[in-house]
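# Structural features, examined
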Number of protein chains: 2
Amino acid sequence: MPEPYATASEARLAMRRGEWTGPTTYRMPGWVQCNLVALPREDAYDFLVYCQRNRDACPIVDITDPGSVEPAHAAPGADLRTDLARYRIYQNGEMATEPTDAREWWRDDLVAVLIGSSLTFDEPLRRAGVELSPDVWVLRTELPTRPAGRFSGRLIVTLRFLRPRDAIIATQLTARFPWNHGAPLHIGDPSDIGADVADPIVGEPITEPPIGRTGVFWACGVTPQQAALDARLPLMITHCPGHGFITDLRADAICQP
Amino acid sequence: MPEPYATASEARLAMRRGEWTGPTTYRMPGWVQCNLVALPREDAYDFLVYCQRNRDACPIVDITDPGSVEPAHAAPGADLRTDLARYRIYQNGEMATEPTDAREWWRDDLVAVLIGSSLTFDEPLRRAGVELSPDVWVLRTELPTRPAGRFSGRLIVTLRFLRPRDAIIATQLTARFPWNHGAPLHIGDPSDIGADVADPIVGEPITEPPIGRTGVFWACGVTPQQAALDARLPLMITHCPGHGFITDLRADAICQP
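Keep in mind that this is a model prediction, so the values were computed, not measured. Each chain has its residues counted from 1, running along the sequence as written. Whichever chain is written first becomes A and whichever ligand is written first becomes 1, with later ones labelled in order. Local features are withheld for residues below a pLDDT of 70 in this predicted model, meaning they are given only at 70 or higher, and side-chain atom pairs are given and counted only at 80 or more; totals for whole chains, interfaces and linings count all residues.

Bringing the overall build of chain A into the picture now. Helix numbers and strand numbers start at the N terminus; a helix is a DSSP run of H or I with at least 4 residues, a strand a run of E with at least 2. When helices and strands are tallied, chain A shows five helices and 11 strands. Only the C-alpha atoms count toward the radius of gyration. The rule for a globule is 2.2 Å times the residue count to the power 0.38. Taking 2.2 N^0.38 as the reference for a compact globule, 257 residues should give roughly 18 Å; the C-alpha atoms of chain A span a radius of gyration of 17 Å, in line with that estimate. Once the C-alpha set of chain A is aligned to its principal axes, its extents read approximately 50 × 40 × 30 Å. Field definition: a residue is buried when 20 or more other C-beta atoms are found within 10 Å of its C-beta, exposed when 12 or fewer are, and partly exposed for counts in between, with C-beta atoms placed from the backbone. Residues counted as buried form 46% of the 257 residues belonging to chain A. Note on contacts: residues are paired as contacts if their backbone-placed C-beta atoms lie within 7 Å. For chain A, the share of sequence-separated contacts (at least 6 apart) that also reach a separation of at least 24 residues comes to 77%.

Here is the structure:
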């Protein structure tokens, strides 16, 4: 079915009006998608340092000014309180609710950080002939992240099972997207990085890889979200998993953002 | 003359002991070199946002914790107060002095930010057969940067004159160094970006380009330094131009930092 929205802006307006409340996975190909983490300005310095120190997992695409809800670089005119399909509201580290509009919870002292998402490169991979299964796992690992202030934790990764030749194509191709996690961080045996295949964050438990496929692992934007959650911030607003913020940035314009 | 220091650590110790006080240009090939900006923690949040919003010019390689002088990722064990060859001390936006040791001026509330430097990729360019002249210009342009808090200003660039085929090689090669300014931002006519060839920050005034060469322009790490200077911070400590901080990071290990 062809995409009914011609531009990222039209897609965001549909979300603002409550007409689009479902996932963005494989939707709006060609536009850079981002994870959202909105948190109090008081905690934002340490969070930015955490993102810098763990750049593979947390490539920052845009940051709002305190009190502003507009990501002026990534999507001028957008309103981050309404222009995502679904949100998660966390209070003191506990999820309170999953609304389709965040205005009720937003505060003037929040800073919104947009973090590049690997949802962005699935479409270029497909265009390059890489055979993708519909399943993308999100897994905890035993790899430590570099802490900053109250933010710390283990690295979280996405896992795709690819044909060996596709793993090589995918490595070259995703290296061109440094602001959407870049090249993979691991190929092959999940146990090398302590990836928890028995208890995935997203996906079914994995007993053995599909025949003729190799696991390819990318740093995942859930990492900083989990670190912020573990820090038990009084308030944090994020996208709901699989429901990315669709920016005006073109995925193929590789010299941005 | 072969380099007398086998490792980055030995080079830094020579600087700490006051035995190396001169420039690092074309020295210690293979090690990532960085610009230093140390500023009060109070101003550091806006500075980090400024760097994020102008990433081509300000790719952050490491940030110290407040009160620490050790860049734990880029050079474990190093002391940023002593391990550069020469510093600049700025007070209220005015340069006070250019010492070879910054301990006298350092304060416990300073945060040190290391920013990737294009000095890092001159050696890979040479290895790829790119014909480099000894001259690298640093020029003001009319391109605005994206402001953050009290930080703003015009983009500053480096300019190298290359043979056209070398410009193509250099574009491909430097794209592999996203944390040292990445690919060029402009090729050709300086006036397209309002580059001030009559009054360079570094280098002689340029009347016309060398015959058979084309200008290739990269975003320059002097940009954030100038923005911090214009913000007239009470205290700022930087490297002296051409006197970079030599990290333990390998320039050829392209998946870091």
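Now that the structure is up, let's keep going.
Each partner contributes to the interface: chain B provides 13 residues, whereas chain A provides 13 residues. Those elements that provide at least two residues to the side of chain B that touches chain A are helix 2 (41-53) and strand 2 (60-63) of chain B. Looking at which element gives the most residues to the side of chain B that touches chain A, the answer is helix 2 of chain B, with six residues. Side-chain classes are defined by residue name, with Ala, Val, Leu, Ile, Met, Phe, Trp, Tyr, Cys and Pro counting as nonpolar, Asp, Glu, Lys and Arg as charged, and the others, Gly among them, as polar. When grouped by side-chain class, the residues that make up the side of chain B that touches chain A number nine nonpolar, two polar and two charged.

Moving on: the sheet that holds strand 7 (residues 154-162) of chain A. Residues and elements named next belong to chain A. For two strands to pair, DSSP has to find at least two bridges joining them. An order of 6-7-9-8 is seen for the four strands of this open sheet, with the pairing classed as antiparallel. Two strands close off the open sheet at either side, each with one partner strand: strand 6 (137-144) and strand 8 (186-187). Lines are fitted to the C-alpha atoms to define the axes, a helix being fitted only along its stretch in contact, and any angle between axes, read from their N-to-C directions, falls within 0 to 180 degrees. Across the sheet, helix 4 (residues 164-174) lies against strand 7, strand 8 and strand 9 (214-219), angled at about 15° from strand 9, the strand it touches most. Lying on the sheet, helix 5 (residues 222-230) is in contact with strand 6, strand 7 and strand 9; it crosses strand 7 at an angle near 150°.

The transformation that overlays chain B on chain A combines an axial shift of 0.0 Å with a rotation of 180°, and the residual RMSD is 0.0 Å. What we have between these two chains is a two-fold relation. Closest approach to the rotation axis among the C-alpha atoms of chain B is made by B:Y45, whose C-alpha sits 2.7 Å away. Here 100% of the interface residues in chain B have copies in chain A that are interface residues too; the copies meet face to matching face. In superposing the copies, a least-squares fit is computed on C-alpha atoms, taking residues whose pLDDT is at least 70 in both.

Our next topic: unusual backbone geometry. Phi is positive for A:M28, close to 50°, though the residue is something other than glycine. Locating A:M28 in the fold gives a position in the loop between helix 1 (8-16) and strand 1 (31-40). Judged by the 22 C-beta atoms lying within 10 Å of it, A:M28 falls in the buried class. If you check the backbone angles, B:R232 has positive phi at about 50° while not being a glycine. Its location among the elements puts B:R232 in the loop between helix 5 (222-230) and strand 10 (235-239). Residue class for B:R232 comes out partly exposed when judged on the 13 C-beta atoms lying within 10 Å of it.

This part takes up the domain arrangement of chain A. All names here are of chain A. An automatic or database domain assignment is the source of the domain bounds shown. Here chain A is partitioned into domain 1 (8-119 + 232-249) and domain 2 (121-223). Counting from both sides, the interface comprises 22 residues of domain 1 and, opposite them, 23 residues of domain 2. Elements with a contribution of two residues or more to the side of domain 1 that touches domain 2: strand 1, helix 2 (41-53) and strand 5 (110-116). A per-element tally of the side of domain 1 that touches domain 2 places helix 2 first, with five residues. Looking at side-chain class alone, the side of domain 1 that touches domain 2 contains 13 nonpolar, six polar and three charged residues.

On to the nonpolar core. Take the buried Ala, Val, Leu, Ile, Met, Phe, Trp, Tyr and Cys residues, join any whose C-beta atoms are within 7 Å, and the set you get is a nonpolar core. By size, the foremost hydrophobic cluster in this structure holds 142 residues, and its most contacted members are A:A38, A:L39, A:V157, B:A38, B:L39 and B:V157. The residues contacting B:A38, other than those within four sequence positions of it, are B:L80, B:L110, B:V111, B:A112, B:M236 and B:I237.

Attention now goes to the environment of B:G129. Residues and elements named next belong to chain B. Along the chain, G129 falls in the loop between helix 3 (122-127) and strand 6 (137-144). By C-beta crowding, G129 is classed as exposed, having 9 other C-beta atoms within 10 Å. Taking the C-alpha atoms as reference points, G129 and I169, separated by 40 residues in sequence, lie 9.0 Å from one another.

On to helix 1 (residues 8-16) of chain B. Residues and elements named next belong to chain B. Listing the buried residues of helix 1 in full gives A8, A11, R12 and M15. Seen from one end, helix 1 has its buried residues packed into an arc of 95°, which puts them on one side. Along its buried surface, helix 1 packs onto strand 1 (31-40) and strand 11 (245-250). Downstream of helix 1 by one or two residues, G18 has phi in the positive range, about 80°. What the arc measures is the spread of directions leading from the helix axis to the C-beta atoms.

Moving on: helix 5 of chain B. All names here are of chain B. With seven of nine residues buried, helix 5 lies mostly within the body of the structure. Of all the residues in helix 5, the buried ones are V222, T223, P224, Q225, Q226, A227 and A228. Of the residues trailing helix 5, R232 is marked for its positive phi of about 50°.

Another aspect to go through is the sheet that holds strand 9 (residues 214-219) of chain B. All names here are of chain B. Sheet architecture is open: four strands sit in the order 6-7-9-8, paired in antiparallel fashion. The open sheet terminates on both sides in strands that have one partner only, identified here as strand 6 and strand 8 (186-187). Note: strand 7 (residues 154-162) against strand 9, six bridges, orientation antiparallel. From the neighbouring strand, F161 faces strand 9, where its bridge partner is G215. Contacts from helix 4 (residues 164-174) reach strand 7, strand 8 and strand 9 within the one sheet, and its direction differs from that of strand 9 by about 15°. Sitting on the sheet, helix 5 touches strand 6, strand 7 and strand 9, and the angle it makes with strand 7 is about 150°.

Residue and element names in this part refer to chain A. Burial analysis of strand 1 places nine of its 10 residues in the buried class, which makes it a mostly covered element. Alignment of strand 1 against strand 11 (residues 245-250), held across three bridges, turns out to be antiparallel. Among the inter-strand pairings, C34 is bridged to a residue of strand 11, identified as F245. Pairing geometry for strand 1 and strand 5, over seven bridges, is antiparallel. Counterpart to P40 in the pairing with strand 5 is L110. Looking at chain direction, strand 1 and strand 10 (residues 235-239) are connected through two bridges and run antiparallel. Across the sheet, A38 pairs through a bridge with I237, a residue of strand 10.

Residue and element names in this part refer to chain B. Positionally, T171 belongs in helix 4. The class of T171 is partly exposed, set by 15 C-beta atoms lying within 10 Å. Along the chain, T171 and V216 lie 45 residues apart, while their C-alpha atoms are 8.8 Å from each other.

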